[in-house]
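Descriptive analysis of the structure
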Amino acid sequence: MEPEIDPQTAETKPPDAVSPAIEMTGELPPAPEKPYQGLKWMFVGPEGLRAGWSILIFVSLMYLIGNGIGFLLSRLHLISAGSQFTARQQVFLEVIELGCLLCAAGIMALIERRRILDYNLRGPSRVKHFFSGLVVGFAALSCLVGSLAWGGWLHFGPVALHGGAAIRYAAAWGFVFLCVGCFEEGTMRCYLQFTLTRGINFWWASGLIACICAFLLLRAKGNGAVGVYVIALLGLAPCLLLELKKAPSAGFWNAAWFTSTLFGFGHTGNNGENWVGIFAAAFIGFVFCVSVWVTGSAWWAIGCHAAWDWAETYFYGTADSGFVAPGHLLTTSPAGKPLWSGGTDGPEGSLLIIPIVLLILAWLLVIYRRPHPVEVSEHASVQQLAS
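Conventions we followed
By convention here, each chain's residues receive numbers from 1 onward along its written sequence. Per-residue local features are limited, in this predicted model, to residues with pLDDT of at least 70; the limit for side-chain atom pairs, both in listing and counting, is 80 or more; totals at the level of whole chains, interfaces and linings are taken over all residues. Computation of side-chain values covers all heavy atoms of the structure but excludes hydrogens and water. The secondary structure listing takes helices from DSSP runs of H or I that are at least 4 residues long and strands from runs of E that are at least 2 residues long, numbered from the N terminus. Burial classification: accessible surface area is computed with a 1.4 Å probe over protein chains only, and a residue below 20% of its type maximum counts as buried, one above 50% as exposed, and the rest as partly exposed. Residue exposure ignores everything except the shown protein chains as possible cover, and the areas themselves are Shrake-Rupley values with a 1.4 Å probe. Per residue, pLDDT measures the predictor's confidence, with a range of 0 to 100. Residues are treated as being in contact if the distance between any of their heavy atoms lies within 4.5 Å. Only buried Ala, Val, Leu, Ile, Met, Phe, Trp, Tyr and Cys residues count toward a nonpolar core, and they belong to the same one when joined by side-chain atoms within 4.5 Å. Here the expected span of a helix is defined as 1.5 Å times the quantity of residues minus one. Any two of the Phe, Tyr and Trp rings considered here, Trp counted by its six-membered ring, make a pair once their centres fall within 6.5 Å; the pair's planes then place it as stacked at under 30 degrees, edge-to-face at over 60, or tilted in between. The criterion for a charge sitting over a ring is simple: Lys NZ or Arg CZ within 6 Å of the ring centre, and within 35 degrees of the ring normal. Salt bridges, as used here, are contacts in which a Lys or Arg side-chain nitrogen is within 4 Å of a carboxyl oxygen on Asp or Glu. What makes a patch is a set of residues exposed beyond 30% relative accessible area and free of salt bridges, joined within 9 Å when like-charged and within 5 Å when nonpolar (Val, Leu, Ile, Met, Phe, Trp, Tyr). A fitted line through C-alpha atoms represents every axis, and for helices the fit uses only the stretch in contact; the resulting angles, taken between N-to-C directions, go from 0 to 180 degrees. Every angle not falling under 35 degrees, over 145, or within 65 to 115 is termed oblique; those three ranges are roughly parallel, roughly antiparallel and roughly perpendicular. Handedness of each helix crossing follows the sense of rotation of the near helix against the far helix: counterclockwise by less than a right angle gives left-handed, clockwise gives right-handed. The residue classification treats Ala, Val, Leu, Ile, Met, Phe, Trp, Tyr, Cys and Pro as nonpolar and Asp, Glu, Lys and Arg as charged. All others, Gly included, are polar. Any pair of nitrogen or oxygen atoms within 3.5 Å is treated as a polar contact; in protein, a donor-acceptor pairing is required on top of that, and neighbouring residues in sequence qualify only through side-chain atoms on both sides.

Each helix and strand in the protein chain was counted, giving 14 helices and 4 strands. Here the protein chain holds 387 residues, and the buried ones make up 46% of them. Surface exposure of the protein chain reaches about 20,000 Å², of which carbon and sulfur atoms provide 68%.

Put into structure tokens, the structure is as follows:
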């Protein structure tokens, strides 16, 4: 006896039946995307090459290109090891560094199928933001120097340069520090900040920062290592809170925490640094990240960085991270306790720099109020580094 079958359920679509959409267009529907196979997932994520591999390749390129260009220029006797901190020497060194950055970023842009401007260099009103940064950088350093002089921690001497020499050195140091701003901001707030934003979470950021702190504990006894520890601790709770809330912006701020700590760490190798100066470098690095967030690009940070260093080194003639450059316009000398005067570190080593940096941060937040935020990837808060 045959089982009973409902005629309605027994009806099936004829094997040669064609979807109405196919009848109208004459095209077959796209085949479903194949999942990643093998080990491809280790190298490629939802946004292409994973951030960890991108940074590893970028750093390797910087090292190889830098050593190649440095070897060539040393053979041509344009630079020499152990030479003094002079405008001529710094012009060549900064050109090398900037050239390395542009070459490495250009290669990475080809690999990642992007443009160099994609690395936090687009955004609106770029020229306006750059010149605004120049003005704020010079004004902020002037406020710091003025506060030190008013408190008796900095004394002015005679003018060191006049006439054509003053103009030549102003232009030379201006070019040097424009290159410095482009290189350091291009590395930290452009490529690294952009790439880490799309591929770092709290756990990776905290792990990498812990490695930096452990390295300093094992290697450094002085040179302001405490400043790195302080900035690392200050970022711990806010970034963890963003991670627990799964905020879409968590990737950007985790990246800002790491790049700021790394920026401070990079200054520990300078002579004459103290913990205040190292903390100030890391803190201003964070403020530059905030400027990227509120303006949509790194141009404000480039201008502010260049003008700050130019005013400090050339215009006022103070020490900059322990170096006093020849060919400065004014002559100054620290006086009193190093904690207030900055000592050999210069104005950046004075406690007075902290309220100055806070004023810069407040100015950014009040003036811009985040009208043009950077784009935060939808995968930035969940994608992890692969290396």
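There's more to say after this.
What follows concerns the confidence of the model for the protein chain. Do not read the fine detail of predicted coordinates wherever pLDDT is low. Per-chain confidence: the protein chain averages 84 in pLDDT, with 82% of residues scoring 70 or above. A low-confidence stretch, residues 1-13 stays under pLDDT 50, and its non-local contacts, those more than four residues away or across chains, total 1 contact. Low pLDDT, under 50, characterises residues 377-387; the stretch is placed with 37 contacts to residues that sit more than four places away or in other chains.

Among the nonpolar cores identified, the biggest contains 92 residues, and Leu-144, Val-287, Trp-300, Trp-308 and Ile-360 are the most heavily contacted of them. Top element by residues in this core is helix α11 (residues 275-295). It accounts for 14 residues. Non-local contacts of Trp-300, meaning those with residues more than four positions away in its chain, are made with His-129, Phe-130, Ser-132, Gly-133, Val-136, Phe-288, Ser-291, Thr-295, Ile-360, Trp-363, Leu-364 and Tyr-368.

The residue Thr-195 is located in helix α7 (residues 163-197) in this model. Judged by relative accessible area, Thr-195 falls into the buried class, the value being 0%. Spatially, the C-alpha atoms of Thr-195 and Ala-51 are 5.7 Å apart, while their sequence positions differ by 144 residues. Those residues in contact with Thr-195 that lie beyond four places of it in its chain are Ala-51, Ser-54 and Ile-55.

What follows concerns helix α12 (residues 299-315). The end-to-end C-alpha distance of α12, which contains 17 residues, comes to 22 Å, matching closely the 24 Å that a straight helix rising 1.5 Å per residue would cover. Counting buried positions along α12 gives 14 out of 17 residues, so the element sits mostly inside the fold. Backbone geometry just downstream of α12 places Gly-317 in the positive-phi region, at approximately 70°.

Another aspect to go through is the packing of aromatic side chains. Taken as a whole and judged by the stated rule, the model has 24 aromatic pairs. Relative to Trp-300, the ring of Phe-288 lies with its centre 6.5 Å away and its plane at 65°, an arrangement referred to as edge-to-face. On the criterion of sequence distance, the pair formed by Phe-288 in helix α11 and Trp-300 in helix α12 is long-range, its members being 12 residues apart. Geometry around Phe-263 places Arg-189 over its ring, the cationic atom sitting 4.5 Å from the centre.

Glancing now at the pattern of salt bridges. This structure, assessed with the given rule, holds 4 salt bridges. Two residues, Glu-112 and Arg-198, come together in a salt bridge whose shortest N-O distance is 3.4 Å. Here Arg-198 lies in the loop between α7 and α8 (202-219) and Glu-112 lies in helix α5 (residues 87-112), a separation of 86 residues in the sequence. As far as burial versus exposure is concerned, Glu-112 and Arg-198 are alike and both buried. Between Asp-118 and Arg-122 there is a salt bridge, with the nearest N and O atoms lying 2.6 Å from each other. Since its relative accessible area comes to 24%, Asp-118 is described here as partly exposed. For Arg-122, a relative accessible area of 37% corresponds to the partly exposed category. Taken together, the salt bridges that share partners define one network made up of Glu-112, Arg-114 and Arg-198.

A contiguous nonpolar surface patch, about 350 Å² in accessible area, is contributed by Val-226, Trp-275, Leu-339 and Trp-340. Counting through the fold element by element, Val-226 comes out in helix α9 (residues 225-245). Assessed through its relative accessible area of 44%, Val-226 is described here as partly exposed.

Turning our eyes to something else, we now look at the packing of α7 against α12. Each pair of packed helices can be described by the angle between their axes along with the distance between the axes. The geometry of α7 relative to α12 is characterised by a closest axis approach of 8 Å and an angle of 140° between their N-to-C directions. When the axes of α7 and α12 are compared, the pair comes out oblique. Classified by chirality, the crossing of α12 by α7 is right-handed. Packed against α7, whose contacting residues are Ala-166, Tyr-169, Ala-170, Trp-173, Gly-174, Phe-177, Leu-178, Val-180, Gly-181, Cys-182, Glu-184 and Glu-185, the element α12 presents Ala-301, Ile-302, His-305, Ala-306, Asp-309, Trp-310, Thr-313 and Tyr-314 at the interface. For the contact of α7 with α12, the class distribution of residues is 13 nonpolar, 4 polar and 3 charged.

This next bit is on α11. Residues spaced three or four apart along an α-helix point in a common direction, a consequence of the helix completing one turn every 3.6 residues. Taking 1.5 Å as the rise per residue, α11 with 21 residues should run 30 Å; its terminal C-alpha atoms sit 30 Å apart, in good agreement. With 19 of 21 residues buried, α11 lies mostly within the body of the structure. You can read the cap of α11 off the contacts: a side-chain oxygen lies 3.2 Å from the backbone nitrogen of Val-276, and it is on Asn-274. Of the residues trailing α11, Gly-296 is marked for its positive phi of about 90°.

Moving on: the packing of α9 against helix α10 (residues 250-266). Direction vectors running N to C along α9 and α10 enclose 175°, while the axes themselves pass 10 Å from each other. By the criterion of interaxial angle, the relationship of α9 to α10 is roughly antiparallel. Note on element contacts: α10 touches α9 through Ala-250, Trp-253, Asn-254, Trp-257, Thr-261, Gly-264 and Phe-265, opposite Val-228, Ile-231, Ala-232, Gly-235, Leu-236, Cys-239, Leu-242 and Glu-243. Here the contact of α9 with α10 is built from residues that sort into 10 nonpolar, 4 polar and 1 charged.

With respect to the helices, strands and loops of the structure, Thr-295 is situated in helix α11. At 2.6 Å, the side chain of Thr-295 and the backbone oxygen of Ser-291 are in polar contact. A distance of 3.0 Å separates a polar atom in the side chain of Thr-295 from the backbone oxygen of Ser-297.

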